[in-house]
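Report on the structure
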Amino acid sequence: MMTLLKYDFRRSWNTLLAGLAILIIVQLGLMIFVSSGITANVLGIMAYVGAGAAIYVKTIKTYAANIRSYNRRLIPVTGMSHVLSPIIFGALCGLGLLLLGFVHICLYATMKLKLSLPVFFDVTNLSIPELMSTLFFAGWIVLFMTIMIFFSISVAGTFRWKTGPWIGIVTFIVLINLLSLLENVIFSGKFSPNDLFQFTEESTGISFSANGVIWADGRWGTTVFEMALAALLVWGMIYMNTKKVEV
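Each chain has its residues counted from 1, running along the sequence as written. Reporting of local features is limited, given that this is a predicted model, to residues whose pLDDT is at least 70; pairs of side-chain atoms are given and counted only at 80 or more, and all residues count toward the totals for whole chains, interfaces and linings. Side-chain descriptors were evaluated using all non-hydrogen atoms of the structure, hydrogens and water having been removed beforehand.

Any two rings among Phe, Tyr and Trp, with Trp reduced to its six-membered ring, count as a pair given centres within 6.5 Å; such a pair is stacked if its planes are under 30 degrees apart, edge-to-face if over 60, and tilted if neither. Per the counting criterion, the structure on display carries four aromatic pairs. Between Phe9 and Phe89 the ring centres are 4.9 Å apart and the planes differ by 65°, which places this aromatic pair in the edge-to-face class. Taken together, the positions of Phe9 in helix α1 (residues 2-33) and Phe89 in helix α4 (residues 79-112) put the pair 80 residues apart, joining distant regions of the chain. Taken as a pair, Phe9 and Phe89 share a single burial class, namely buried. Ring plane angle 10° and centroid distance 6.1 Å describe the contact between Trp235 and Tyr239, whose orientation is recorded as stacked. The helix and strand labels rest on DSSP assignments: H or I over at least four residues marks a helix, E over at least two residues marks a strand, and numbering proceeds from the N terminus. Think of it in three bands: with a 1.4 Å probe and only protein chains considered, a residue is buried below 20% of the maximum accessible area for its type, exposed above 50%, and partly exposed in between.

Have a look at this one:
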């Protein structure tokens, strides 16, 4: 699998470096040329979100290209490696983006606001445990969504005619609706975004809190259910990529 991962990074290295350079230039430009702190912060966050979306799209495109690559089929690795390689590629790029964002926050708090990190988190009402819980929850949601998209791409790849992509889109829509239906039937609709996140507007600003997004009542059951479904989808991808998808 490391061979596949190195190939993915080598193929995308110039694009990743260019994206990193653009993101840094944008953040520096906002800091220097935008006088309004609120506007600069909002645009800066939007730049990070855009970079994250670009990484996600790149991960999806990497998987779609790899399952039809004849050269990758010649590498003596298991079918699981072909599924895990683009997922790890996207995860490492996402972690790199999070690390860059954390360094940015540290520099912003210490150099511009003249605050230590503990004081900064206290002023902004950010709790480290809540923040980590939110990141783990968001990470699992992104991973599970990625697996469903990969499965839909594999389904589309089993059809040689031009309707394959449309069949993949229909497969993804069916998966999303079927998952929602099953979770509501099995777990009585305990999972609701309103139970996970709270945004409170006060005179001092807007505070954000996460109500134990992973550990909340009923969330363990849905997480285990989604893990089991994800394992089933991965097995289906390995089977289709090995037996059905033609290069």
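From this point, the narrative continues.
As for its placement among the helices and strands, Thr171 is situated in helix α7 (residues 164-187). Classification of Thr171 as buried rests on a relative accessible area of 16%. Sequence separation of Thr171 and Ser152 is 19 residues, and the distance between their C-alpha atoms is 5.6 Å. The contact definition used throughout considers only heavy atoms, calling two residues in contact when any of these lie within 4.5 Å. Apart from the residues lying within four places of it in its own chain, the contact partners of Thr171 are Phe151, Ser152 and Val155.

If you check α4, its first and last C-alpha atoms are 50 Å apart, about what 34 residues at 1.5 Å a residue would give, namely 50 Å. Backbone geometry just downstream of α4 places Lys114 in the positive-phi region, at approximately 60°. Given the number of residues in a helix, its expected span is that number minus one, multiplied by 1.5 Å.

With that out of the way, let us pick up the packing of helix α2 (residues 37-66) against α4. The contact between α2 and α4 brings their axes to 8 Å, and the two run at 170°. As judged from the angle between their axes, α2 and α4 are roughly antiparallel. Our pair here, α2 against α4, has a crossing hand that is right-handed. Across the interface between the two elements, Asn41, Tyr48, Ala51, Gly52, Ile55, Lys58, Thr59, Thr62 and Tyr63 of α2 pack against His82, Val83, Pro86, Phe89, Gly90, Cys93, Gly94, Leu97, Leu100, Gly101, His104 and Tyr108 of α4. When residue character is reported, Ala, Val, Leu, Ile, Met, Phe, Trp, Tyr, Cys and Pro are called nonpolar, Asp, Glu, Lys and Arg charged, and the others, Gly included, polar. Here the contact of α2 with α4 is composed, by residue class, of 11 nonpolar, nine polar and one charged. With axes taken as lines fitted to C-alpha atoms, and helix axes fitted only over the stretch in contact, angles between N-to-C directions fall between 0 and 180 degrees. Should an angle fall under 35 degrees it is taken as roughly parallel, and over 145 as roughly antiparallel, whereas 65 to 115 is taken as roughly perpendicular and any remaining angle as oblique. Whether a crossing is left-handed or right-handed is set by the direction in which the near helix is turned from the far one by less than a right angle, anticlockwise for left-handed and clockwise for right-handed.

The next thing to look at is the nonpolar core. The term nonpolar core refers to a set of buried residues drawn from Ala, Val, Leu, Ile, Met, Phe, Trp, Tyr and Cys, joined through side-chain atoms within 4.5 Å. Residues Ile147, Phe151 and Met237 are the most contacted members of the largest nonpolar core, which totals 22 residues. Counting residues per element, the ones that place at least two in this core are α2, α4, α6 (128-157), α7 and α8 (219-244). The greatest single-element share of this core, amounting to nine residues, is contributed by α6. When sequence neighbours within four positions are dropped, the list of residues in contact with Met237 reads Tyr63, Val83, Ile147, Phe150, Phe151 and Ser154. Membership of the second largest hydrophobic core comes to 10 residues, among which are Leu5, Phe9, Ala51 and Ile55.

Looking now at the layout of surface pockets. With a probe scaled to a water molecule rolled over the atoms, the places where space remains empty come into view. Computed from the structure, the second largest pocket encloses a volume of approximately 540 Å³. We place a 1 Å grid over just the protein atoms. Points where a 1.4 Å probe fits but has no way out form a cavity, open points with protein on both sides within 12 Å along at least 5 of 7 lines form a pocket, and any residue with an atom within 4 Å of a point lines it. What lines the second largest pocket is a set of 20 residues, and nearest its centre among them are Thr15, Leu16, Gly19, Leu20 and Ile55. Of all the elements, α1 adds the most residues to the lining of the second largest pocket, at nine residues. Of the residues that constitute the lining of the second largest pocket, the class distribution is 15 nonpolar, four polar and one charged. Grid points are joined across faces, edges and corners, and a volume is the space filled by probe spheres set on the points.

Looking now at the confidence of the model for the protein. Every residue gets a pLDDT, meaning the predictor's confidence in that residue, from 0 to 100. The predicted model of the protein averages 79 in pLDDT, with 79% of residues at 70 or higher. The model gives residues 203-217 a pLDDT under 50, and that stretch makes 39 contacts with residues more than four places away or in other chains.

The next subject is the environment of Arg68. Tracing the backbone through its elements, the reader meets Arg68 in the loop between α2 and α3 (70-73). Note: C-alpha distance between Arg68 and Ser154 (86 residues apart in sequence) is 9.7 Å.

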